[in-house]
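# Structural features, examined
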Amino acid sequence: MANPIDFHPTGDVEFDNLMNEVNAEIMATNDFLLPDEMVLSAVTKSCNFFNLPEVPVIHADGTCVWPNNTTTYADDVLGFNRAELMSMGISGEDSLTLIYTHECAHRTLQGAYNDPWEEELACDFFAGVHAGLRDINIDNFEAALGATTGGASHPAGALRAEFIEYGQKIADEMQERGIEVTYEGCLERLNQHLEEKEGLIAEYRQRIDPTYHSLTEDEMLAQNASADLTDDSAHANVSGESCGSIGLVEPASIDDVEPHFNVSGETLGSIGLAEDVTIDEDSVKGLTKAEIDRKIAKAEKEERYYKGMVEHELSMAKHSTDNAGREYHTSKASNFAKEATKWHEEAIKWKYTKPDEK
Ligand SMILES: [Zn+2]
């Protein structure tokens, strides 16, 4: 999935322009695949589904909800992060609608569960219910959440997929039997299901945190008694600073999934500027001027090749008539841009390397 590349200007105008073009194309493709109008439409459908007031949607670090004051729905704020959703593989209005159904379910619960996993599974369940009632396709949404690993605040993907499907099944069944599908009725079935799946949930938790154990009744009582004081979950937060997110990754590991240039394994503050270039002394020891020149020539040749491929893929992306084609070529352009940057960096490194004179 294409994300904007982490690009620092190199001072090479032609090179910088090409990289800026790649990033512009990635952004345009993202806007094209998940346009603002689609987001607003998904939010409207989700709020209407729960009969909640529509609230502002802001660009945020994550796709999330701030319930703010938990005694009212009117002050809630929804967050939207296009790059995050794109990196999860979310595309199309059905998936976006289910994403915001999940977030709006947080609004309805306003911290009803003390346990973050239970609350997340509840929100996934309601997304499934919405899908069942309005014939919304769950495939993309379920695949995106199902692929997440989970952590302290969010359950493992497989468990989430199970609750999405269960919500859909419950809605289908109730409709078939002519039972009115109500929020309370669904909540009751959900809580039964949470109890039934207690063992499975505990198993997944132990996989993520081996020190986790199911609480005894006494521990549970003690925890409930102190929950009001110690509850730091986002959903009961009144400051609006933290945010109940869709939870593709735990905050601590976000850096791991963000695209970064991998410049031959070395850490560089920025690429291409002489003062920032780190040279591995061992690898340059004893090289003659001719050898260094050959390395420069090789790097420049590779850079030219990958820049050509970037241009080709950008052109293909611009001429694509369907979403999948546009996304495919933009993603390839992004990968070639990373290669081009690597070789650009390599060429500069050798240009600043002095031959061994001894
Ligand atoms: Zn959530």
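Reference entry: report on the structure contained in this document. This one's a predicted model, so the numbers in the text were calculated from it and none came from an experiment.

### Some remarks on the overall build of the protein
Within the protein, the secondary structure is distributed over 14 helices and four strands. Here the protein holds 358 residues, and 35% of them are scored as buried. Pairs at least 24 apart in sequence give 69% of the contacts found in the protein among residues at least 6 apart.

### Remarks on helix α2 (residues 36-50)
Counted at 1.5 Å a residue, the expected span for α2 with its 15 residues is 21 Å, and the 22 Å between its end C-alpha atoms agrees. Along α2, the positions that sit buried rather than exposed are Val39, Ala42, Val43, Lys45, Ser46, Cys47 and Phe49. For α2, the elements touching its buried residues are β1 (57-59), β3 (77-80), α4 (93-109) and α5 (116-134). In the stretch just after α2, Asn51 is the one whose phi turns positive, near 60°.

### Comments concerning the packing of α2 against α4
One can describe the packing of α2 onto α4 by two numbers: an axis separation of 8 Å at closest approach and a directional angle of 45°. With respect to α4, the axis of α2 lies oblique. As α2 runs across α4, the sense of the crossing is right-handed. Of the residues in α4, those in contact with Met38, Val39, Ser41, Ala42, Val43, Lys45, Ser46, Cys47, Phe49 and Phe50 of α2 are Glu93, Leu96, Thr97, Tyr100, Thr101, Cys104 and Thr108. For the contact of α2 with α4, the per-class residue count stands at 10 nonpolar, five polar and two charged.

### Notes on the packing of helix α6 (residues 139-146) against helix α7 (residues 157-176)
Contact pair α6 / α7: the axes reach a minimum separation of 7 Å and the direction vectors enclose 150°. Relative to α7, α6 is oriented roughly antiparallel. Listed contacts from α7 to Glu142, Leu145 and Gly146 of α6 are Gly157, Ala158, Arg160, Ala161 and Ile164. Looking at the contact of α6 with α7 residue by residue, the class counts come to four nonpolar, two polar and two charged.

### So, the pairing of β3
Sheet analysis places β1 next to β3, joined by three bridges and oriented parallel. Looking at the pairing, Ile58 lines up with Gly79 of β3. Pairing between strand β2 (residues 64-66) and β3: three bridges, direction antiparallel. Bridging from a neighbouring strand, Val65 pairs with Leu78 of β3.

### A look at α7
Spacing of three or four residues puts side chains on the same side of an α-helix, whose turn is 3.6 residues. Helix length check: α7 (20 residues) gives 29 Å between terminal C-alpha atoms against 28 Å at 1.5 Å per residue, within 8%. Of the positions making up α7, those classed as buried are Gly157, Leu159, Arg160, Ala161, Glu162, Phe163, Ile164, Tyr166, Gly167, Gln168, Ile170 and Ala171. Considering only its buried residues, α7 is in contact with α5, α6, α8 (183-196) and α9 (198-208). Looking one or two residues beyond α7, the residue adopting positive phi is Gly178, at roughly 70°.

### Observations regarding unusual backbone geometry
Positive phi is not limited to glycine here, since Asn51 has a value of about 60°. Given 9 C-beta atoms within 10 Å, Asn51 falls into the exposed group. With a phi angle near 55°, Asp135 is a residue other than glycine that sits in the positive phi range. Inspection of the secondary structure assignment puts Asp135 in the loop between α5 and α6.

Definitions and limits used
- Residues numbered from 1 in each chain as written.
- Predicted model: local features only at pLDDT ≥ 70, side-chain atom pairs only at ≥ 80, totals over all residues.
- Helix = DSSP H or I, 4+ residues; strand = E, 2+ residues; numbered from the N terminus.
- Buried ≥ 20, exposed ≤ 12 C-beta atoms within 10 Å, placed from the backbone.
- Contact = placed C-beta atoms within 7 Å.
- Expected span 1.5 Å × (residues − 1).
- Axes fitted to C-alpha atoms, helices over the stretch in contact; angles between N-to-C directions.
- Parallel < 35°, antiparallel > 145°, perpendicular 65-115°, else oblique.
- Left-handed = near helix turned anticlockwise from the far one by under 90°.
- Nonpolar A, V, L, I, M, F, W, Y, C, P; charged D, E, K, R; others polar.
- Pairing = 2+ DSSP bridges.

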